[in-house]
Amino acid sequence: MGSNASIMLQQEDLQNICQETGFTTKEVQRLYSRFKTLDKRDCGFLIREDLLCIPEVNINPLGERLIDVIVEDYGENNKINFKQFIFLLATFRRGKTKSTTEFNTRNSKLKFLFDMYDRNHDMKIDRTELLEVLKMMVGGNIHDDQIATIADHTIGELDNDGDSSITFEEFCETLSRIDADDKMSMKFLS
């Protein structure tokens, strides 16, 4: 979908998006309106700066990392169009409904979370990646030595295959008792 393709939401696109994502027509229209509000340049896509205008993202210590995942992993060329945006948001729909799709499964939610750490896309969280996220989360409140100890202990606890990293499988196994659908779902207003 090119950059201008997101500017107008056609009825056929609306029906296809609803069918593929499980969103209702009203939800898609509401999300499209929000997308258009964020697209202040009226170019049909969002860039980092647009997403940083969302107050909840801007104040989140992981906001920049979140935006990296959004524009780099779900968009193209560091921008995201509406169709890419809505398929990303579909990940965060409740999965325990009759309209479960490939996007709102437990696995897709955990993959998004895993990608917050795994920025080199090697399907492993290494010590450097874990340290980066831990430092973002705690800021300057904990000394680097303490953060390094936490990272080493975490990898030691979760690394079942001895490769000094956390694979996606190990990550999922660790979170097996967590209700990812409950913790990683948003309510979308109709």
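Residues numbered from 1 in each chain as written. Predicted model: local features only at pLDDT ≥ 70, side-chain atom pairs only at ≥ 80, totals over all residues. Heavy atoms only, no water.

### So, the confidence of the model for the protein
Keep this limit in mind: For every residue, the pLDDT score states the predictor's confidence, bounded by 0 at the bottom and 100 at the top. Contacts are residue-level and defined by heavy atoms, with any inter-residue pair within 4.5 Å sufficient.
Per-residue confidence for the protein gives a mean pLDDT of 90; residues scoring 70 or more make up 93%. A low-confidence stretch, residues 1–7 (pLDDT under 50), is modelled with 20 contacts involving residues beyond four sequence positions or located in other chains.

### Brief notes about the nonpolar core
As a reminder of what qualifies: In this text, buried Ala, Val, Leu, Ile, Met, Phe, Trp, Tyr and Cys residues form a nonpolar core when linked through side-chain atoms within 4.5 Å. Only protein chains enter the accessibility calculation, which uses a 1.4 Å probe; a residue whose area is less than 20% of its type maximum is buried, one above 50% is exposed, and one in between is partly exposed. Each helix is a run of H or I in the DSSP string that is no shorter than four residues. Each strand is a run of E no shorter than two, and both are numbered from the N terminus.
By size, the foremost hydrophobic cluster in this structure holds 50 residues, and its most contacted members are Phe 23, Val 28, Phe 82 and Ile 86. When contributions to this core are tallied by element, the ones reaching two or more residues are helix 1 (11–21), helix 2 (25–38), helix 5 (63–74), helix 6 (82–90), helix 7 (106–117), helix 8 (127–138), helix 9 (144–158) and helix 10 (168–174).

### Focus: the environment of Tyr 117
Relative to the assigned elements, Tyr 117 resides in helix 7. Judged by its relative accessible area of 19%, Tyr 117 is buried. In sequence terms Tyr 117 and Glu 129 are 12 residues apart; their C-alpha atoms lie 5.7 Å from each other. Once residues lying within four places of it in the same chain are set aside, the contact partners of Tyr 117 are Arg 65, Ile 125, Glu 129, Leu 130, Val 133 and Phe 171.

### A closer look at the packing of aromatic side chains
Each aromatic ring pair is described using two quantities: the centre-to-centre distance and the angle formed by the ring planes. Threshold: Any pair of Phe, Tyr and Trp rings, taking the six-membered ring for Trp, is counted once the centres come within 6.5 Å. Such a pair is stacked with planes under 30 degrees apart, edge-to-face with planes over 60 apart, and tilted for the rest.
Evaluated as defined, the whole model comprises 9 aromatic pairs. Judged by centre distance (5.5 Å) and plane angle (75 degrees), the rings of Phe 35 and Phe 82 are edge-to-face. Of this pair, Phe 35 sits in helix 2 while Phe 82 sits in helix 6; the two residues are 47 residues apart in sequence, bridging distant segments of the chain. Neither Phe 35 nor Phe 82 differs from the other in exposure class; each is buried.

### Overview of helix 2
This is how the line gets drawn: Given a helix with a known number of residues, its expected span is that number minus one, times 1.5 Å. Within this analysis, the arc is defined by the directions that extend from the helix axis to the C-beta atoms.
End to end, helix 2 covers 20 Å across 14 residues, agreeing with the expected 20 Å (1.5 Å per residue, within 8%). Those residues of helix 2 that sit buried are Glu 27, Val 28, Leu 31, Tyr 32, Phe 35 and Leu 38. Viewed end-on, helix 2 has its buried residues packed into an arc of 135 degrees, placing them on one side of the element. Where helix 2 is buried, its residues meet helix 1, strand 1 (45–47), helix 3 (48–52), strand 2 (79–81) and helix 6.

### Some points on the environment of Ile 80
With respect to the secondary-structure elements, Ile 80 resides in strand 2. On the basis of relative accessibility, which here comes to 0%, the residue Ile 80 falls in the buried class. Considering only alpha carbons, one finds Ile 80 and Leu 14, 66 residues apart in sequence, at a separation of 18 Å. Not counting chain neighbours up to four residues away, the residues in contact with Ile 80 comprise Phe 35, Phe 45, Leu 46, Ile 70, Tyr 74, Gly 75, Phe 85 and Leu 88.

### What about the packing of helix 1 against helix 6?
Our working rule: A fitted line through C-alpha atoms serves as each axis, taken over the contacting stretch for helices, and the angle formed by two N-to-C directions is quoted from 0 to 180°. Here the word oblique covers every angle except those under 35 degrees (roughly parallel), over 145 (roughly antiparallel) and from 65 to 115 (roughly perpendicular). Should the near helix be turned counterclockwise from the far one by less than a right angle, the crossing is left-handed, whereas a clockwise turn marks it as right-handed. In this classification, the charged set is Asp, Glu, Lys and Arg, the nonpolar set is Ala, Val, Leu, Ile, Met, Phe, Trp, Tyr, Cys and Pro, and all remaining amino acids, among them Gly, are polar.
Two elements in contact, helix 1 and helix 6, have axes whose closest approach is 10 Å; the angle formed by their N-to-C orientations is 25 degrees. Considered as vectors, helix 1 and helix 6 are oriented roughly parallel to each other. The chirality of how helix 1 crosses helix 6 is right-handed. Between helix 1 and helix 6, the residues in contact are Ile 17, Glu 20 and Thr 21 and Phe 82, Ile 86, Phe 87 and Ala 90, respectively. Counted by class, the contact of helix 1 with helix 6 contains 5 nonpolar, 1 polar and 1 charged residues.

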